[in-house]
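Single-letter residue listing:
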Amino acid sequence: RMVLADEDASEFEQLRRNLHAELCPETQLEVLIVNRIAAVQWRLARVPALEAELMDRLRYDMLTEDQGLGGAWSLDSGPYGGALARLARYETTLERNAARLTAELRRSQAHRRQQERAELAQLAAERERAARERDLRDVHAWRGEASGWPGDGSPTGPTPPPLPSGAGGSGDGASPLRNPALRNEANAPAGVAPFSAQGALS
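Residues numbered from 1 in each chain as written. Predicted model: local features only at pLDDT ≥ 70, side-chain atom pairs only at ≥ 80, totals over all residues. Heavy atoms only, no water.

We now examine the pattern of salt bridges. Inspection of the entire model under this criterion finds 7 salt bridges. E116 serves as the salt-bridge partner of R112, at 3.5 Å between the closest nitrogen and oxygen. A residue pair is termed a helical-turn pair when its members lie 3 or 4 positions apart in one helix, as R112 and E116 do in helix α4 (residues 83–147) at 4 residues. Among the charged side chains, a network of salt bridges with common partners joins E26, E30, R112 and E116. (Salt bridge = Lys/Arg side-chain N within 4 Å of Asp/Glu carboxyl O. Helix = DSSP H or I, 4+ residues; strand = E, 2+ residues; numbered from the N terminus.)

Here is the structure:
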């Protein structure tokens, strides 16, 4: 566990909450990184208390006489085996871990935001392409309505009925439109003999 028996668990939880509010993790990986940063910072907060306790032990000899800070430094290489130097290395290691975790968090957040921007750009492009296609369909439909032809190029309106049998343009000479004699005969009024080119010449 992170919190020792003589430490306040609510303070650690407050530190963790503050870091989450400040660093704004969103993915599960980012949440784990922020939790590790909180743990490192909690350990770093112990360093001043550790240093103070070590200095107090080193300042006083067995006769409880105050040797001062200089005496504490001189005694550090004695029975404590360089405890202050080890504490300094411990603090440096924690600071490096905090910096590494923070950089890792920033990289993760930058990568996530880059992906989000790419997804938003792709979505915007798809919407723009769909809008252009919709506009083109509207233009084609408008042109078809204005010209009597639909957008696909096929004619509109009812199909004209076929000509009667024997009156079509089949080239057999039976069409009243192509044969003058038949045209006159077909159009002559009742009781009036139709005009015949052959009779007029005879």
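Take M2: it is sitting in the segment before α1 (9–23). We classify M2 as buried; its relative accessible area is 18%. Separated by 36 residues in the primary sequence, M2 and A38 have C-alpha atoms spaced 9.8 Å apart. Those residues within four positions of M2 in sequence are excluded, and the remaining contacts are E7, F12, A39, W42, R43 and R46. (Buried < 20%, exposed > 50% of the residue type's maximum accessible area, 1.4 Å probe, protein only. Contact = heavy atoms within 4.5 Å.)

Another point: the side chain of E30. Looking at where E30 falls in the secondary structure, it is placed in helix α2 (residues 28–59). Overall, the relative accessible area of 0% leaves E30 in the buried class. Non-local contacts of E30, meaning those with residues more than four positions away in its chain, are made with C24, P25, L105, S108, Q109 and R112.

On to the side chain of S108. Locating S108 in the fold gives a position in helix α4. There is a polar contact of 3.4 Å between the side chain of S108 and the side chain of E30. For S108, the residues in contact, after removing those within four places along its chain, are T27, L29 and E30. (Polar contact = N/O pair within 3.5 Å; in protein donor to acceptor, adjacent residues only side chain to side chain.)

Contact geometry for α1 and α2: axes closest at 9 Å, N-to-C directions at 135°. Between α1 and α2, the crossing angle belongs to the class labelled oblique. Crossing handedness for the pair α1 and α2: right-handed. Here α1 contributes E11, F12, L15, R16, L19, H20 and L23 to the contact with α2, which in turn contributes V31, V34, N35, I37, A38, A39, Q41 and W42. Looking at the contact of α1 with α2, its residues break down into 10 nonpolar, 3 polar and 2 charged. (Axes fitted to C-alpha atoms, helices over the stretch in contact; angles between N-to-C directions. Parallel < 35°, antiparallel > 145°, perpendicular 65-115°, else oblique. Left-handed = near helix turned anticlockwise from the far one by under 90°. Nonpolar A, V, L, I, M, F, W, Y, C, P; charged D, E, K, R; others polar.)

Here we take up the packing of aromatic side chains. Counted under the stated rule, the structure contains 1 aromatic pair. Where F12 meets W42, the ring centres are 5.4 Å apart and the plane angle is 75°; that geometry is what we call edge-to-face. Of this pair, F12 sits in helix α1 while W42 is found in helix α2, placing the two residues 30 residues apart along the sequence. On the basis of relative accessibility, which here comes to 14%, the residue F12 falls in the buried class. A relative accessible area of 10% means that W42 is categorised as buried. (Phe/Tyr/Trp six-rings, centres within 6.5 Å; stacked < 30°, edge-to-face > 60°.)

This part is about the environment of F12. Each C-alpha atom of the pair F12 and M2 lies 8.4 Å from the other, and the pair is 10 residues apart in sequence. Here F12 is in contact with M2, V3, A38, A39 and W42, once residues within four sequence places are set aside.

On average, the protein chain scores 76 in pLDDT, and the residues at 70 or more come to 63%. Here helix α6 (residues 197–201) stands out as the element of the protein chain with the lowest mean pLDDT, 46, in contrast to α1, whose mean of 96 is the highest. Predicted confidence for residues 166–171 stays below pLDDT 50, and this span has 9 contacts to residues more than four positions away or in other chains. Counting contacts from residues 195–202, a segment whose pLDDT is below 50, to residues more than four positions away or on other chains yields 2 contacts. (pLDDT = per-residue confidence, 0-100.)

Below, the discussion takes up the nonpolar core. In terms of nonpolar packing, the biggest core is built from 17 residues, with M2, F12, I37, V40 and L105 touching the most fellow members. Among the secondary structure elements, those contributing two or more residues to this core are α1, α2 and α4. With 8 residues, α2 is the single largest residue contributor to this core. L105 has contacts with L23, E30, I33, V34 and I37, leaving out every residue within four places of it along the chain. Counting 7 residues, the second-largest nonpolar core is a separate cluster that includes V47, M55, A83 and L87. (Core = buried A, V, L, I, M, F, W, Y, C linked by side-chain atoms within 4.5 Å.)

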